[in-house]
Amino acid sequence: MVHLARAYGKGPVPLSEIAEKEHISPDFLEQLMVPLRNKGLVKSVRGARGGYLLAISPSEITLGDVMWSMDGPFVPVQCLDFVGETQDTCCMGILKPDCSTRDVWVLLREKVNETLNSVRLSDLCREAGQPLRLPTGQAGMPTGQAGMLGWEGSAPPLSAASA
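Residues numbered from 1 in each chain as written. Predicted model: local features only at pLDDT ≥ 70, side-chain atom pairs only at ≥ 80, totals over all residues. Heavy atoms only, no water.

This part is about the overall build of the protein. Looking only at helices and strands, one finds 6 helices and 2 strands in the protein. Secondary structure of the protein in N-to-C order comes out as α-α-α-β-β-α-α-α. Per-residue burial for the protein yields a buried fraction of 33% across its 163 residues. A sequence separation of at least 24 residues applies to 61% of the contacts in the protein between residues at least 6 apart. Surface exposure of the protein reaches about 9,700 Å², of which carbon and sulfur atoms provide 53%. (Helix = DSSP H or I, 4+ residues; strand = E, 2+ residues; numbered from the N terminus. Buried < 20%, exposed > 50% of the residue type's maximum accessible area, 1.4 Å probe, protein only. Contact = heavy atoms within 4.5 Å. Areas by Shrake-Rupley, 256 points an atom, 1.4 Å probe, with all protein chains shown as cover.)

Next comes the structure, spelled out in structure tokens:
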């Protein structure tokens, strides 16, 4: 995605070029493009000068958007799977109030999602060796912004999960 972000506005990029520069199998790259295309993050162009390109500006795509498209929400431990968030017990049958570590895992999930939603593809198009610089919020954490897919925080709304 960073390779496509750097080529934004210059036309489609063949997967063979990305595979060579990023040292990734072309077959594996093709598999990665399917969910990204399904979520509207990339477009494919057929023909001799075909390839892939970002469907929208790299400044509008967050790492959270990319991750959600590929893997769904970040869930550090199985018991936080957002499908069961409305239940009184986790998937292991433990009552949520009785779990001594649940709050730590929830906090971790929220901070990771906050960070992923604050880093945009355009932020990663900096020159090699340059540090990533993001606006900071409390305690130096990146400020949370909803990504292009419209979810933020601990998990996307259930309507986004079914999309």
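Ranked by internal contacts, the top residues of the largest apolar core, which has 17 residues, are Leu4, Met33, Val42 and Leu54. If you list the elements that add at least two residues to this core, you get helix H1 (2-6), helix H2 (15-22), helix H3 (26-38) and strand E2 (51-54). Sequence-distant contacts of leucine 54, that is, excluding residues within four places in its chain, are made with Met1, Leu4, Ala5, Tyr8, Leu41, Val42, Ile61 and Leu121. Core analysis: the next-biggest nonpolar cluster, separate from the first, contains 5 residues, Val77, Leu80, Cys90 and Val106 among them. (Core = buried A, V, L, I, M, F, W, Y, C linked by side-chain atoms within 4.5 Å.)

Looking at chain direction, strand E1 (residues 42-45) and E2 are connected through 4 bridges and run antiparallel. The residue of E2 that forms the bridge with valine 42 is leucine 54. (Pairing = 2+ DSSP bridges.)

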